Amino acid sequence: DAGVTQSPTHLIKTRGQQVTLRCSPKSGHDTVSWYQQALGQGPQFIFQYYEEEERQRGNFPDRFSGHQFPNYSSELNVNALLLGDSALYLCASSLGGLGDGYTFGSGTRLTVV
Amino acid sequence: AQSVSQHNHHVILSEAASLELGCNYSYGGTVNLFWYVQYPGQHLQLLLKYFSGDPLVKGIKGFEAEFIKSKFSFNLRKPSVQWSDTAEYFCAVKGSSGSARQLTFGSGTQLTVLP
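In this report, the structure presented in the accompanying data block is examined. (Residues numbered from 1 in each chain as written. Chains lettered and ligands numbered in written order. Predicted model: local features only at pLDDT ≥ 70, side-chain atom pairs only at ≥ 80, totals over all residues. Heavy atoms only, no water.)

## Things to note about the overall build of chain B
The test is simple: Strands here are runs of E lasting at least two residues and helices are runs of H or I lasting at least four, both read from the DSSP assignment and numbered beginning at the N terminus. Within these notes, the globule rule equals 2.2 Å times the number of residues to the 0.38 power, and the radius of gyration is based on C-alpha atoms. Relative accessibility under 20% of the residue-type maximum defines a buried residue, over 50% an exposed one, and the middle range a partly exposed one, all with a 1.4 Å probe and only protein chains included. In what follows, a contact means two residues having at least one pair of non-hydrogen atoms within 4.5 Å. Each accessible area is a Shrake-Rupley estimate made with a 1.4 Å probe; only the visible protein chains count as cover when residues are assessed. Asp and Glu count as negative and Lys and Arg as positive, but His and the ends of the chain are not part of the count. Where a charge sits is defined by one atom per residue type, namely NZ (Lys), CZ (Arg), CG (Asp) or CD (Glu).
Of regular secondary structure, chain B possesses zero helices and 12 strands. Starting at the N terminus and ending at the C terminus, chain B contains elements arranged as β-β-β-β-β-β-β-β-β-β-β-β. Relative to the 2.2 N^0.38 estimate, which gives 13 Å for 115 residues, the radius of gyration of chain B is 14 Å and therefore close to what a compact globule would have. Structurally, chain B occupies a C-alpha span of about 45 × 30 × 20 Å along its principal axes. In chain B, buried positions account for 49% of the 115 residues. The contacts of chain B with a sequence gap of at least 6 include a subset with a gap of at least 24, amounting to 55%. Counting every atom, chain B has about 5,300 Å² of accessible surface; 53% of that belongs to carbon and sulfur. Within chain B, the 7 negative side-chain charges are centred at a point lying 10 Å from the centre of the 9 positive side-chain charges.

Written as structure tokens, this is what we have:
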């Protein structure tokens with residue numbers, strides 16, 4: 001049990017569509033980070049949410065947006081999907097975003113056709 | 001911002017062989033260093049981490065890593081691998097300030113252990 005729950009596990013979308021991915025953090029964690037992992041690559045940082053605000057952002061276009069709810073769960077939204085957005089999207093939770101490593105979920109596999 | 005380089009993309013070993021996976025990072029300040037493992041079909045799991053103190057850190061499943069500050073390296077080692085160690089291994093670094101305070105991963109090393 002990863003402690004971090006992501007849904008859905010798999011998703012197929014058409015180019016140009018929009019998608020929403022969801023993440024519930026590990027109990028006791030208040031910070032959620034999102035990563036994109038393309039096939040054969042390491043996870044790339046998208047953004048991090050803390051206290052319902054985006055605290056840090058990686059090198060991703062504005063088509064990628066997010067939200068954090070009062071219960072610390074989070075959503076990742078991607079608009080105007082491109083074929084290149086096909087990847088495994090990982091959610092990681094932590095406490096205060098500092099220190100002791102992150103706990104990762106199993107990810108959502110997004111395929112854009 | 002920091003970056004992480006893992007030089008070995010795919011390593012193939014026989015059981016009982018010794019393992020060393022290279023990891024180098026670039027960042028001028030204080031860093032926290034991590035090794036994660038991703039078994040087939042499973043989520044990323046923390047193997048070990050270095051924050052400060054003894055540069056030789058021990059993790060789960062017999063893995064250890066040594067932080068060599070002068071070489072900006074954090075290599076992962078295991079004296080005797082098992083078939084169950086087959087997985088992808090990621091080195092990651094977290095800087096201490098500004099935009100560096102995000103966990104940055106290397107591209108990973110796929111380890112295949114032959115029975």
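Next comes the rest of the write-up.
## Concerning the nonpolar core
Here is the rule: For the purposes of this section, nonpolar cores are sets of buried Ala, Val, Leu, Ile, Met, Phe, Trp, Tyr and Cys residues that join through side-chain atoms within 4.5 Å.
B:L33, B:W35, B:L47, B:L48, B:F74, B:L76 and B:Y89 are the most contacted members of the largest nonpolar core, which has 29 residues in total. For this core, the elements supplying multiple residues, two or more each, are β2 (10–14), β3 (19–21), β5 (32–38), β6 (45–50), β8 (64–68), β9 (73–78), β10 (87–94) and β12 (109–114) of chain B. The residues touching B:L48, leaving out its near neighbours within four places in the chain, are B:L33, B:F34, B:W35, B:V57, B:K58, B:G59, B:F63, B:E64, B:A65, B:F74 and B:L76. By size, the runner-up hydrophobic cluster in this structure holds 20 residues, among which are A:V4, A:L11, A:V19 and A:F47.

## Looking at the state of the cysteines
All names here are of chain B. Note the following rule: Cysteine sulfur atoms are paired as a disulfide whenever they fall within 2.5 Å.
For the structure on display, the rule yields two disulfides over all chains. A disulfide bridge connects C23 with C91, and the sulfur atoms are separated by 1.9 Å. Between C23 and C91, the disulfide has an S-S torsion of -65° and is therefore left-handed. One end of the pair, C23, is in the loop between β3 and β4 (24–26); the other, C91, is in strand β10, and 68 residues separate them in sequence. Given a relative accessible area of 0%, C23 falls into the buried group.

## Focus: the packing of aromatic side chains
Put simply, the rule reads: Pairing of aromatic rings covers Phe, Tyr and the six-membered ring of Trp, with a centre-to-centre limit of 6.5 Å; geometry is then stacked below 30 degrees between planes, edge-to-face above 60, and tilted otherwise.
Within this structure, the stated rule accounts for 15 aromatic pairs over all chains. Measuring from ring centre to ring centre gives 5.8 Å for A:Y35 and A:F104, while their planes differ by 55°; the resulting arrangement is tilted. Pair noted here: A:Y35 is in strand β4 (residues 31–37) and A:F104 is in strand β10 (residues 103–104), with a separation of 69 residues, a long-range link. Of the two residues, A:Y35 and A:F104, neither departs from the other in class, the shared state being buried. Considering the side-chain rings of B:F90 and B:F105, the 6.3 Å spacing of their centres and the 85° angle between planes classify their relative orientation as edge-to-face.

## Overview of the pattern of salt bridges
All names here are of chain B. Heads up, the condition is: We define a salt bridge as a contact between a side-chain nitrogen of Lys or Arg and a carboxyl oxygen of Asp or Glu at a distance within 4 Å.
Under the definition given, this model contains seven salt bridges over all chains. When the shortest N-O distance is used, the salt bridge between K58 and E64 registers 2.9 Å. By relative accessible area, K58 is classed as exposed at 64%. A salt bridge links R77 to E64; the shortest N-O distance between them is 3.5 Å. Here E64 lies in strand β8 and R77 lies in strand β9, a separation of 13 residues in the sequence. Bridged by salt links that share partners, the residues K58, E64, E66 and R77 form one connected network.

None of the figures reported here should be taken as evidence of function without further support.
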